[in-house]
Amino acid sequence: MSRRSLHSVSPSSGLYCAESGVGKTSLIMSLVSEEFPDVVPYKAEEITIPADVTPERVPTHIVDYSEAEQTDEQLYQEISKVIKCLITVNPESFFLQVISHWIPLINERTDKDSRVPLILVGNKSDLVEHSSMETILPIMNKYTEIETCVECSAKNLKNISEMFYYAQKAVLHPTGPLYCPDEKEMKAACVRALTRIFKVSDLDNDGILNDNELNFFQRTCFNTPLPPQALEDVKNVVRKNTTDGVCEDGLTLKGFLFLHTLFIQRGRHETTWAVLRRFGYDDDLELHQDYLFPPLKIPPDCSTELNHNASLFLQSVFDKHDKDRDCALSPEELKDLFDVFPYMPWGPDVNNTVCTNDHGWITYQGFLSQWTLTTYLDVQRCLEYLGYLGYSIIAEQESQAAAITVTREKRLDLQKKQTQRSVFLCKVFGGPGSGKSGFLQAFLGHNLMRMVKEEHKSYYSTSTAHVYGQEKYLLLHEVFPDFDFLSESDLSCDVVCLIYDVSNPCSFEYCAQIFKEYLVDSKVPCMLVAAKADLPEVRQQFSPSPLDFCRTHRLPPPQSFTCSTAGTPSKDIFIKLATMLSFTHHVASVARSCRFALYNIRKIRQFLTHARLRCMCTCNRCTFCLCQNILNSELLHTVKAKLYTRLYGSPPDITQCRVYTNLIFKSLFFTLSLFRHMSQVDLKNSSVWLRVSLGAAVFAVLGFTMYRLLLKPR
């Protein structure tokens, strides 16, 4: 009879073994027909009892054995199959065969570590007047694989259904993995599993299950709360039998373990198994793979993030273990948090990956950042970790998969020109000594005074950046500077940072080669960072210069950066990165608008230059000369400079960009409409110049308004 798996019900099979004539076939036929058969064959056919007629709702497969029809080899084959329960039917006259023949034979044919549970059945109880239980009990005490014994009668239909119930119970709720009868205590694996269950259920982490926590535990495992009187009865039982089982009117770990020991000793081990299986344990008292790794479909080009409910759960976990309420987890508090894990999931490098306090302890923001990083890079590991913490139990969700949000494909973001993502990955490239590690540590607020040990170095840095009131997670990843061995995964990201050392004349060449070789045709946005800006800048040997290189490839100009500061390094550059990622599509649209505006300004200048060659006017007083002066004025040059800054500089304010680009279009289109046919008319006609004057005036007014908007601080 096979054990039921955690999330599916599999058929259970039982094999009847005994000497001939003991009534094992009669028992099977009496169970099926509910009456004693007049004619009994040598061997009953294999029978499967449907799940809906069994107490445990498990289909049961029964296999009979006949010494007259089957050889010993066939019996050995049946025993060696995947049979989880073997029922030996013996009247009193065959107890010696149980000890000398059947138990040694079964143990010989099964694995020592997974002994088959046995049921001893005394049949034909209608032929004797006394009970044989006193004879069986010494055998049960000697052989721990014997789960239970029962007396029955196929003729009187006595205890027939009970016998099969015990058989199913021995398979579905075996005593062996839980309890050691010789030492009369639970086994270490069972204690370890129940200890984890206690700590997960202890929601306030005070080491005591109060009434609310006990009721939540009861509802979780058995779908019903305990009445107040029943709770008191349970506590009274624990008080009478243990000294420290109840504390402050709550159940301690010692009392919790005692209760389950009592359940097992009284034959109610199905209660303990119900708790274990509800918290994800299989028959070997290991967390089931289906529990730790629930199915989660992630289409290509999609990313994974923690949703709001998961963040609230992790916040409760952090608060639960932050005993001193300093918004940081000390090493002892972190160890206590991960006590429900079979291993320590975070190493010392985590302290250099996320934000920490002055003691180097992980803050609440750093705690969430590390979980965000794990979810983005390895969502299966995140599901495993959430399983250890009991997310599906505490959050009352079907599985840990409910904690994950799968974002839509990036191509859809491009089509819709907006994104709902809140986590972005930035790959950081740069030659040796260019300042990559300092760049990553500066994101965490660390300056050069805080040196990182090489063995604890992290190649990731994770924190948040606020973009117009919205919190975005930015994951920085330092890529090993091996130019010839960059894989597709090395280049798969949302944005690329190319870092060079302004004090090293050879540093920029690496960035230029990386861009030309791998990124020039890529749609991934890039930013050039001029690191170590506190040092004297030297001329780069690579030609063109970094600024000209950016203009050629339409990149933002190099962003100056240094982490050699007395205080916390500036985070402006990281905000620019997050803004670039959050509004990539808007920035691209504004950039096109700015380029079109600059193009039209050049066209107007070319037209007026051509007109001046035709009229050769130098009076500096007529309308033509006034228009020419406007185009040569400091105002227009400032506007052009601002456009170039917005186009090639820091990411723009989207609202302001829409305003001033609309103004540019209105003024330019109006002026161009006036100038469109001027080459075909008489330039000395006063009506023509009146139109020009009106257009220039409108252009000047709108240009001045746009200029004020550009100068308005963000």
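Residues numbered from 1 in each chain as written. Predicted model: local features only at pLDDT ≥ 70, side-chain atom pairs only at ≥ 80, totals over all residues. Heavy atoms only, no water.

> Lay out the overall build of the protein in plain terms, naming residues and giving numbers.
A tally of helices and strands in the protein yields 27 helices and 21 strands. For the protein, restricting intrachain contacts to residue pairs at least 6 apart in sequence, the fraction spanning at least 24 positions comes to 71%. With the model as given, the accessible surface of the protein reaches about 35,400 Å², and the carbon-plus-sulfur share is 52%. (Helix = DSSP H or I, 4+ residues; strand = E, 2+ residues; numbered from the N terminus. Contact = heavy atoms within 4.5 Å. Areas by Shrake-Rupley, 256 points an atom, 1.4 Å probe, with all protein chains shown as cover.)

> Which residues make up the packing of aromatic side chains, and what are the values?
The tally for this structure, following the rule as stated, stands at 23 aromatic pairs. With centroids separated by 5.4 Å and ring planes inclined at 55°, the aromatic side chains of phenylalanine 318 and phenylalanine 367 adopt a geometry described as tilted. Here phenylalanine 318, found in helix H12 (residues 308–321), pairs with phenylalanine 367, found in helix H14 (residues 364–377); they are 49 residues apart in sequence, far enough to count as distant. As far as burial versus exposure is concerned, phenylalanine 318 and phenylalanine 367 are alike and both buried. (Phe/Tyr/Trp six-rings, centres within 6.5 Å; stacked < 30°, edge-to-face > 60°. Buried < 20%, exposed > 50% of the residue type's maximum accessible area, 1.4 Å probe, protein only.)

> Could you give an account of the sheet that holds strand E21 (residues 559–560), naming the residues involved and the relevant values?
Sheet strands associate in pairs through backbone hydrogen bonding, adopting either a parallel or an antiparallel arrangement. The six strands lie next to each other as E17-E18-E16-E19-E20-E21, forming an open sheet whose pairing is mixed. Two strands lie at the open edges of the sheet, namely strand E17 (460–467) and E21, each paired on one side alone. Across five bridges, the pairing between strand E16 (residues 423–430) and strand E19 (residues 495–501) is parallel. Note on E19: the bridge partner recorded for lysine 427 is valine 496. (Pairing = 2+ DSSP bridges.)

> Which residues make up the UniProt feature "domain: EF-hand" (unreviewed entry) in the protein, and what values go with them?
In this structure's numbering, the residues bearing the UniProt feature "domain: EF-hand" (unreviewed entry) are residues 309–344. As annotated, residues 309–344 comprises 56% helix and 6% strand, and the C-alpha atoms at either end are separated by 25 Å. (UniProt positions renumbered as here; feature names shortened; annotations may be inferred.)

> Please give an account of the packing of helix H9 (residues 253–265) against helix H10 (residues 269–278) that cites residues and values.
The packing of two helices is summarised by the inter-axis angle and the distance between the axes. Axis separation between H9 and H10 bottoms out at 6 Å; the angle between their running directions is 130°. Comparing their axes, H10 and H9 come out oblique. Residues His260, Phe263 and Ile264 of H9 pack against His269, Thr271, Thr272 and Val275 of H10. Considering only residue class, the contact of H9 with H10 consists of three nonpolar, four polar and no charged. (Axes fitted to C-alpha atoms, helices over the stretch in contact; angles between N-to-C directions. Parallel < 35°, antiparallel > 145°, perpendicular 65-115°, else oblique. Nonpolar A, V, L, I, M, F, W, Y, C, P; charged D, E, K, R; others polar.)

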